[in-house]
Every structure is written in structure tokens, then in C-alpha cells.
Amino acid sequence: KVSARPPAGAPVPRHCSRHDETGKRTKSAVIRNVQCRSCKLAFGTTYAEVVYCVSCSDKHQACMNCGVPSPLPGKALYGVSCTAAQTPPQAQGAVRVVPVRRA
């Protein structure tokens, strides 16, 4: 089962009107490493355009893809059994945190 509500306290990605549907967010076929503009977290994503990680997108109430103000939370799908300490199930085009090894 899938729920449209995130677990209590979990950050929710924000998306502006240009990115508010999955079909509006350009994706690549491979996961690439990016860095959050705010907290500098390195993570992997298939999105072609990303400026914030999920947490910073929620914290700054800004679109995670382009950074414009987006006061309303996005529509993220989470497994019913998820808790704030667990990672939500991955969906096509979703952000997936991938550890990046530093040299």
C-alpha cells in the first residue's frame, strides 16, 4: 500500500508549477551525483535539474528542482509502514541518496 501522506516529521520535497508533476521534471537514464546548494549534501538523482536536497527544499519552502519559492508541499508517495527514520520507497525519477566517496 502507498500513502500520499509522509510519516510525521519527514521532510517533503517542494515543487513549483514548472515541476509539480513527474512528467514536468526532466530525467536522465543514469543516476548522477549532485550537491545541495544549501547544506552541501552530495546525493544521487535522475533529475536533470536539482538545486536542493529534499530536506532543504522543505526547510526553505523552495522547489527542489529550480529553487523558486514553493510554499505548498509536493505530492510524494510513501509506503504505509515508513517511519521518519526510514527511507521512503523509490519511485521512477525520485531522488535517491547515494553515498559519494571523497578522494
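Predicted model only: the values in this text are computed from it and were never measured. (Residues numbered from 1 in each chain as written. Predicted model: local features only at pLDDT ≥ 70, side-chain atom pairs only at ≥ 80, totals over all residues. Heavy atoms only, no water.)

Q: Mind showing me how you'd approach the environment of Pro11 here?
A: Assignment of secondary structure puts Pro11 in the loop between β1 (2-3) and β2 (27-35). Here the alpha-carbon distance between Pro11 and Asp58, two residues 47 residues apart in the chain, equals 5.7 Å. (Helix = DSSP H or I, 4+ residues; strand = E, 2+ residues; numbered from the N terminus.)

Q: Is there a simple way to think about the packing of aromatic side chains in this case?
A: Any two aromatic rings considered together are summarised by their centre-to-centre distance and by the angle between their planes. The full count for this structure, using the stated rule, is zero aromatic pairs. We note Arg37 situated over the ring of Tyr52; from NZ or CZ to the ring centre the distance is 5.8 Å. (Phe/Tyr/Trp six-rings, centres within 6.5 Å; stacked < 30°, edge-to-face > 60°. Lys NZ or Arg CZ within 6 Å of the ring centre and 35° of its normal.)

Q: What's the story with the state of the cysteines in this structure? I'm lost.
A: One covalent bond between the sulfur atoms of two cysteine residues makes up a disulfide. As enumerated under the stated definition, the model contains zero disulfides in all. Take Cys63: it sits in no disulfide, and the sulfur closest to it among the cysteines is that of Cys66, at 3.8 Å. The buried category is assigned to Cys63, whose relative accessible area is 0%. (Disulfide = S-S within 2.5 Å. Buried < 20%, exposed > 50% of the residue type's maximum accessible area, 1.4 Å probe, protein only.)

Q: So what exactly am I meant to see when it comes to the pairing of strand β3 (residues 42-47) here?
A: Each regular strand shows side chains that alternate between the opposite faces of the sheet. A large share of β3 lies buried, amounting to six of its six residues. The alternating pattern of β3 places Ala42, Gly44 and Thr46 on one face and Phe43, Thr45 and Tyr47 on the opposite face, and all of these are buried. Bridge analysis of β2 against β3 gives five bridges, and the strand direction is antiparallel. If you follow Val34 over to β3, its bridge partner there is Phe43. (Pairing = 2+ DSSP bridges.)

Q: Help me out: how do you make sense of the side chain of Thr45 in this one?
A: By secondary structure assignment, the location of Thr45 is in strand β3. At 3.0 Å, the side chain of Thr45 forms a polar contact with the backbone nitrogen of Tyr47. (Polar contact = N/O pair within 3.5 Å; in protein donor to acceptor, adjacent residues only side chain to side chain.)

Q: When you look at the environment of Cys63 in this model, what are you seeing that I'm missing?
A: Relative to the helices and strands, Cys63 resides in the loop between α1 (54-60) and β4 (78-79). Those residues in contact with Cys63, other than ones at most four positions away along the chain, are Arg14, His15, Cys16, His19, Val51, Tyr52, Ser57, Val68 and Ser70. (Contact = heavy atoms within 4.5 Å.)

Q: Looking at this structure, how should I read the side chain of Ser57?
A: Within the secondary structure, Ser57 is located in helix α1. Ignoring sequence-local partners within four residues, the contact set of Ser57 consists of Pro13, Arg14, Tyr52, Ala62, Cys63 and Met64.

Q: What should I look at first to understand the confidence of the model for the protein in this one?
A: Predicted coordinates in regions of low pLDDT should not be interpreted in detail. Of all residues in the protein, 64% have pLDDT values of 70 or greater, and the mean over the chain is 76. Low pLDDT (under 50) marks residues 77-94, which in the prediction has 35 contacts with non-local residues, meaning those over four places away or in another chain. (pLDDT = per-residue confidence, 0-100.)

Q: Help me understand unusual backbone geometry in this model?
A: Phi is mostly negative for residues that are not glycine, and the peptide bonds are mostly trans. Even without a glycine there, the phi angle at Lys40 is positive, about 70 degrees. Tracing the sequence through the fold places Lys40 in the loop between β2 and β3. Taking relative accessible area as the criterion, Lys40 reaches 46% and is therefore assigned partly exposed. Even without being a glycine, Gln61 presents a positive backbone phi close to 50 degrees. Within the fold, Gln61 resides in the loop between α1 and β4.

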